[in-house]
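Below, each chain spelled out in residue letters.
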Amino acid sequence: MLGRFALSLLPFIGTALAQAGGPYVDPDNGITFYGITDPVHLVTYGYIFPEDTTSTEFIGEIVAPIDSGWVGAAPAGSMIRNTLLVTWLNGDEVMGTNRFATDYIQPLPLDGPIITNLPSTMINSTHWKWVYRCQNCTGGTLNPSSAGVSGWAFSSAPVDDPSDINTDFEEHTDFGLYGLDFSAAHASQEDYDRWASGGTGGGTPPPTSTTTTATSTTPTATAKPTPYDYIVVGAGAGGIIAADRLSETGKKVLLLDRGGPSTWETGGRYQPEWLNGTQLTKFDVPGLFESMFTDSNSFWWCKDISVFAGCLIGGGTSINGALYWLPADMDFSTSAGWPSSWANHGPYTSKLKQRLPSTDHPSTDGKRYLEQTFSVVQKLLSPQGYNNITLNDNPNFKEHALGYSAYDFLNGKRGGPVASYLRTAKARQNFHLEMWTMVTSVVRNGSTITGVQTNNTAIGPNGFIPLNPNGRVVLSAGSFGTPRILYQSGIGPEDMINLVMADATQGPQLPSQSDWIDLPVGDNVSDNPSVNLVFTHPDIDAYDNWAPIMTDPRPADAAQYIKDQSGVFAQASPRANFWRAYSASDGRTRWLQGTARPGAASVTTSQPYNQSQIFTITAYLSTGITSRGQIGIDAALRPRVLTQPWLVDPIDKTVLLQGLNDIASTISQVPGLKMITPDNTTTMSDYLNSYSLANMNSNHWVGPCTIGKVVDSNTKVMGTDNLFVIDASILPSLPVGNPHGTIMSAAEQGVAKVLALSGGP
């Protein structure tokens, strides 16, 4: 039994670590651990290994808030066929055990590992701490000599019988994964042996590399800060391009991202077994796109954002389908909400094309694969007057336009800004990339930004990174990440800043209320409302609905791709795209985009059908829609959708219904073609009326920091001297196609305007 005595520094673990994968010293026992604190539930997970890298043991700890139900750790990442550590409270006793699961079922006690609770295991009024020695515990896929991925699990529900070490428990309510360099997480044998026998003291965090965040559990300076001319926050489509162009000028540029590596060249190593022995990760292979949503180890998703958002190098460009539409003139027009100074996007789009040419035949052998879907869609749409064109050869032609899907893949692999702009930036000595570094706010003196506040105490005192005189900060954390940083910096609506002020950690970091800047951050949010239609046709190869592509791909296709990056896996799932314009009763023109792909995310039908012959057409409304929503944060400061943006205006819904009916109008003219969702028992109107609004989410969020409302025509946040935003959040409305290309063109133009603005470094 353990008494409830004081652990005065324990709460600092939660506030200092945030989302960093690196070393820290536990202030109660002096042990150096490597780990993180999950920023949502504020649970700390740490490990330290002996000097001998062949040893099969480690010392670990879990520090959890007192009201946690149960907490688990998966040192090797996967929660199946690996050692799992689970802890909970039984009155005044900390319970800890090891488990093992052969599938996603109740994990059972595991014979073999030996768990020893160490004396610094303890409880206070706010937290409990389990410190343990785990012998014979590095089986499975954990390699103490390399970098890897670890996992955590959290449940707000208690275990079935807290007094029984072998108790059952319900499935976790949340989980996550993070990168950790196990090869660095080794203590001297002398220190390790002392800690393993119950001793304390002597822990000192070692220096870390430029891509691993070191942390401390005390609020003292751990590094001399290096000032920068430009600090760019977020290594996604906007941030990477901005950082590259800024570093071209010779200025000292720091690019920060809260996530870790993605593709092989960024240091990523996550790959399916069939890619073992190659320098190809999951993120390099275009054909693995569909598995982003089904992989149980989905560590790339931001766990504290309520929609899909990528927390890794490249952001969404490292995990999306990479549909790449060069912007049309109307995408940057004043009618779309842009200042007139942005209308001439041509020179900036040309810069983008030079770095990232598009392709509608990404296989390295120049051939197209799984073309059946395009052929059937062409037969469906040709009677409606659609023209078959190479879509990016004429970006302005979007009326009855049909073509093969275009991507920014390069040499059969994922391209995007990671494989182009980031590559050139990293070659410059004046550029520095820091991963696993989450920016919580900008630090400002009135209207002047002096630096950024982060969780990374290895690169600045308490995580503060300063600017050089006349330096600038560029926020590129995306449509959900950038608004949160602004709120936590005292910029935005008062109700959002009041939520920050009430937070025990972020509230004290706010500037005085007299320096708050009232801007409509989070308003004017738009996302494509989209609806899936599912068909069957005997010519279609549904490609096993993409289900086995990670674990059991078709052998010939996998071998072909490994050989020379050609074949089915050189392309994401879409095969055809089309556009049509609709005039509506309010005098506005709205554009409908269609994307067709083999397979289906779901099928609802009363008709029998052949699953190997299914394909989906997703219909989106884009440019011209008037519906808008709002995003913000909740009391835990997590970004959330406050008002859904889909079909708020009934005219948008009328146009979408017309577009869906038009797509289906010529089905009878294509022999063998059947629509099974909706099927012949459901009208299109009833189908749309019953369609869940949340399922209309296309994840193409734009607008919460709209240009002209939150930022000026130079992308500078209004009311500040040197804070800029370059990401999807400044787009005033949806472009005509997937926003990938428009965001990157906007980044080229935006960073040029920042550099042309006087008063910089």
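So, how was this worked out
- Residues numbered from 1 in each chain as written.
- Predicted model: local features only at pLDDT ≥ 70, side-chain atom pairs only at ≥ 80, totals over all residues.
- Heavy atoms only, no water.
- Axes fitted to C-alpha atoms, helices over the stretch in contact; angles between N-to-C directions.
- Helix = DSSP H or I, 4+ residues; strand = E, 2+ residues; numbered from the N terminus.
- Left-handed = near helix turned anticlockwise from the far one by under 90°.
- Contact = heavy atoms within 4.5 Å.
- Nonpolar A, V, L, I, M, F, W, Y, C, P; charged D, E, K, R; others polar.
- Polar contact = N/O pair within 3.5 Å; in protein donor to acceptor, adjacent residues only side chain to side chain.
- pLDDT = per-residue confidence, 0-100.
- Phe/Tyr/Trp six-rings, centres within 6.5 Å; stacked < 30°, edge-to-face > 60°.
- Buried < 20%, exposed > 50% of the residue type's maximum accessible area, 1.4 Å probe, protein only.
- UniProt positions renumbered as here; feature names shortened; annotations may be inferred.
- Pairing = 2+ DSSP bridges.
- Arc of directions from axis to C-beta.
- Salt bridge = Lys/Arg side-chain N within 4 Å of Asp/Glu carboxyl O.

(A) Expanded view of the packing of helix α4 (residues 346-355) against helix α12 (residues 740-756). Orientation of α4 relative to α12, taken along the N-to-C sense of each, is 115°, at an axis distance of 9 Å. Crossing of α4 against α12: the hand is right-handed. In this structure, α4 uses Y348, T349, K351 and L352 to contact α12, whose residues at the interface are G741, M744, S745, E748, Q749 and A752. The residue inventory of the contact of α4 with α12, partitioned by class, reads four nonpolar, four polar and two charged.

(B) Main features of the side chain of D727. The residue D727 is located in the loop between β29 (723-725) and α12 in this model. At 3.3 Å, the side chain of D727 forms a polar contact with the backbone nitrogen of A477. Filtering out sequence-adjacent residues up to four positions away, D727 remains in contact with L475, S476, A477, G478, T482 and I743.

(C) How the structure looks around the confidence of the model for the protein chain. Residue-level pLDDT values for the protein chain average 89, and 91% of them are 70 or greater. Considering only residues more than four positions removed or in separate chains, one finds that residues 1-20, a stretch of pLDDT under 50, has 65 contacts. Across residues 207-223 the pLDDT falls below 50, and counting only partners more than four positions away or on other chains, this stretch makes 61 contacts in the model.

(D) Looking closely at the packing of aromatic side chains. Throughout the structure, instances matching the rule amount to 30 aromatic pairs. An angle of 80° between the planes, with centres 6.1 Å apart, marks the rings of F283 and F299 as edge-to-face. Taken as a pair, F283 in the loop between β15 (253-256) and α4 and F299 in the loop between β15 and α4 lie far apart in primary sequence, 16 residues in all. Assessed through its relative accessible area of 1%, F283 is described here as buried. Exposure remark for F299: the relative accessible area of 14% places this residue in the buried category. Considering the side-chain rings of F332 and W342, the 6.4 Å spacing of their centres and the 15° angle between planes classify their relative orientation as stacked.

(E) The arrangement of the UniProt feature "domain: Glucose-methanol-choline oxidoreductase N-terminal" (unreviewed entry) in the protein chain in detail. The sites that carry the UniProt feature "domain: Glucose-methanol-choline oxidoreductase N-terminal" (unreviewed entry) are, in the present numbering, residues 310-333 and 478-492. Here residues 310-333 is 0% helix and 0% strand, with 29 Å between the C-alpha atoms at its ends.

(F) How the structure looks around the pairing of strand β14 (residues 228-233). Here β14 lies mainly inside the structure; six of its six residues are buried. As defined by bridge partners, β14 adjoins strand β21 (residues 464-475) across five bridges and the pair is classed as parallel. Note that in β21 the partner of Y228 across the bridge is L467.

(G) Structural view of helix α8 (residues 494-501). Those residues of α8 that fall on the buried side of the exposure criterion are M496, I497 and V500. Within α8, the buried residues cover an arc of 95° as seen down the axis, which keeps them to one side.

(H) Structural view of the pattern of salt bridges. One pass over the structure, following the stated rule, counts 24 salt bridges. Notably, a salt bridge pairs K716 with D712, separated by 4.0 Å at the nearest N-O pair. The class for K716 is buried, based on a relative accessible area of 17%. Each member of the salt-bridge network shares a partner with another, and the members are D244, R245, E248, R355, R428 and E748.

(I) Structural view of the sheet that holds strand β22 (residues 530-536). One open sheet accounts for seven strands, arranged β16-β17-β23-β24-β25-β22-β28; its pairing is mixed. A strand with exactly one partner marks an edge of an open sheet, and here the two such strands are β16 (387-388) and β28 (674-677). Relative to strand β25 (residues 614-621), β22 runs antiparallel, the two sharing seven bridges. The residue of β25 that forms the bridge with T536 is I614. In this fold helix α5 (residues 372-381) packs onto β16, β17 (401-404), β23 (576-583), β24 (589-598) and β25, with an angle of close to 170° to the strand it touches most, β17. Packed onto the sheet, helix α10 (residues 650-664) meets β22, β23, β24, β25 and β28 and runs at close to 150° relative to β25.

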